[in-house]
Amino acid sequence: MLWNASYETGIAKIDEQHKELFRAIDNLLDVKNKGRVKEMLDYLGAYIVKHFTDEQQLHVKAKYPKAAAHRAFHDNYVKVFNQLKAKFENEGATLAMTQAVNKSVVGWLTEHIMVHDKEFAAYCRANNIKG
Ligand SMILES: [Fe+2]
């Protein structure tokens, strides 16, 4: 998964963390890291939680009207990710697992950035709030 400028929100902290999420997913999907999938999933899972926490703090600070809905989206995703992780711990790094990561993690990250975070960034711009 490659980062490109279309993913930019313009909020430096969020953009930096998104880049790290791309890197973490890339490492997870890299066949060279096949023996370290558990470690990669642990790292990605912890980084996702950190990223969500930081974003939610920015939402509160900016008095973002959609903060609660965005938070619900985050909470739901943490559940999905944890299910995926538990599945991996039971079944190991199967092809199905790789496909699930591709569909669930990659698809989620794209939607998260392109829809939800861009909406927040637009709110900040419209209200002259520096993220
Ligand atoms: Fe984000």
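Because the structure is predicted, anything quoted here is derived from the model rather than measured.

### A word on helix H2 (residues 37-61)
If you check H2, its first and last C-alpha atoms are 36 Å apart, about what 25 residues at 1.5 Å a residue would give, namely 36 Å. One or two steps after H2, the chain reaches Lys-63, where phi turns positive at roughly 50°.

### What to know about the pattern of salt bridges
The tally for this structure, following the rule as stated, stands at 12 salt bridges. Notably, a salt bridge pairs Glu-89 with Lys-38, separated by 3.3 Å at the nearest N-O pair. With Glu-89 in helix H3 (residues 67-91) and Lys-38 in helix H2, this pair connects stretches of sequence that are 51 residues apart. Residue classification places Lys-38 among the partly exposed positions, given a relative accessible area of 40%. Via salt bridges that share partners, Lys-38, Asp-42, Lys-85 and Glu-89 belong to a single interconnected network.

### Thoughts on H3
The α-helix advances 3.6 residues per turn, and as a result positions three or four apart in sequence lie on the same side. End to end, H3 covers 36 Å across 25 residues, agreeing with the expected 36 Å (1.5 Å per residue, within 8%). For H3, the complete set of buried residues consists of Ala-67, His-70, Phe-73, His-74, Tyr-77, Phe-81, Leu-84, Lys-85 and Phe-88. As for H3, its buried residues are in contact with H2 and helix H4 (95-126). Positive phi shows up at Gly-92, right after H3, with a value of about 80°.

### Side note on the packing of helix H1 (residues 12-29) against H2
It is the contact of H1 with H2, at a shortest axis distance of 10 Å, that shows an interaxial angle of 165°. It follows that H1 is roughly antiparallel to H2 by the angle criterion. The two elements H1 and H2 meet at a crossing, and its hand is left-handed. Across the interface between the two elements, Lys-13, Ile-14, Gln-17, His-18, Glu-20, Leu-21, Ala-24, Ile-25, Asn-27 and Leu-28 from H1 touch Val-37, Met-40, Leu-41, Tyr-43, Leu-44, Tyr-47, Ile-48, Lys-50, His-51, Asp-54, Glu-55 and Leu-58 from H2.

### Describing the side chain of Asp-117
By the element assignment, Asp-117 lies in helix H4. It is Lys-118 that comes nearest to the buried, bridge-free Asp-117 among opposite-charge side chains, at 9.9 Å. For Asp-117, the side chain forms a polar contact with the side chain of His-112, separated by 2.7 Å. Excluding anything up to four places from it in sequence, Asp-117 contacts Thr-9, Ile-14, His-18, His-51, Glu-55, His-70 and His-112.

### Considering the nonpolar core
Residues Leu-44, Ile-48, Val-105 and Trp-108 are the most contacted members of the largest nonpolar core, which totals 25 residues. In this structure Val-105 touches Ile-25, Leu-44, Tyr-77, Phe-81, Leu-84 and Ala-100, once residues within four positions along its chain are discounted. One finds Ile-14, Ala-67, Ala-121 and Tyr-123 within the second-largest nonpolar core, a separate group that totals 10 residues.

### Some remarks on the side chain of His-112
With respect to the element layout, His-112 can be found in helix H4. Side-chain polar atoms of His-112 contact the side chain of His-51, separated by 3.2 Å. Among residues more than four places away in sequence, those in contact with His-112 are His-18, His-51, Phe-52, Glu-55, His-70, Phe-73, His-74 and Asp-117.

The rules we used
- Residue positions are counted from 1 within each chain, in the order its sequence is given.
- Residue-level local features of this predicted model are given only where pLDDT is at least 70; pairs of side-chain atoms are given and counted only at 80 or more, and the full residue set underlies all totals for whole chains, interfaces and linings.
- Each side-chain value is worked out from all heavy atoms of the structure, with water and hydrogens disregarded.
- Helix numbers and strand numbers start at the N terminus; a helix is a DSSP run of H or I with at least 4 residues, a strand a run of E with at least 2.
- The length a helix should cover is 1.5 Å for every residue beyond the first.
- What makes a salt bridge here is a side-chain nitrogen of Lys or Arg within 4 Å of a carboxyl oxygen of Asp or Glu, nothing more.
- Burial classification: accessible surface area is computed with a 1.4 Å probe over protein chains only, and a residue below 20% of its type maximum counts as buried, one above 50% as exposed, and the rest as partly exposed.
- Here, residues are in contact when the closest pair of their heavy atoms is within 4.5 Å.
- Each axis is a line fitted through C-alpha atoms, taken for helices only over the stretch in contact, and angles between the N-to-C directions span 0 to 180 degrees.
- Angular relationships are summarised with four words: roughly parallel below 35 degrees, roughly antiparallel beyond 145, roughly perpendicular across 65 to 115, and oblique for the angles in between.
- By definition, turning the near helix anticlockwise from the far helix through less than a right angle yields a left-handed crossing, and turning it clockwise yields a right-handed one.
- Residues counted as positive are Lys and Arg, residues counted as negative are Asp and Glu, and His and the chain ends are not counted.
- Throughout this description, a polar contact denotes any pair of N or O atoms lying within 3.5 Å of each other; where both atoms belong to protein, one of them has to be capable of donating a hydrogen while the other can accept it, and for residues adjacent in sequence the pair is counted only when both atoms sit in side chains.
- Take the buried residues of types Ala, Val, Leu, Ile, Met, Phe, Trp, Tyr and Cys, join any two whose side-chain atoms come within 4.5 Å, and each joined set is a nonpolar core.

What is shown is where atoms sit, not what they do.
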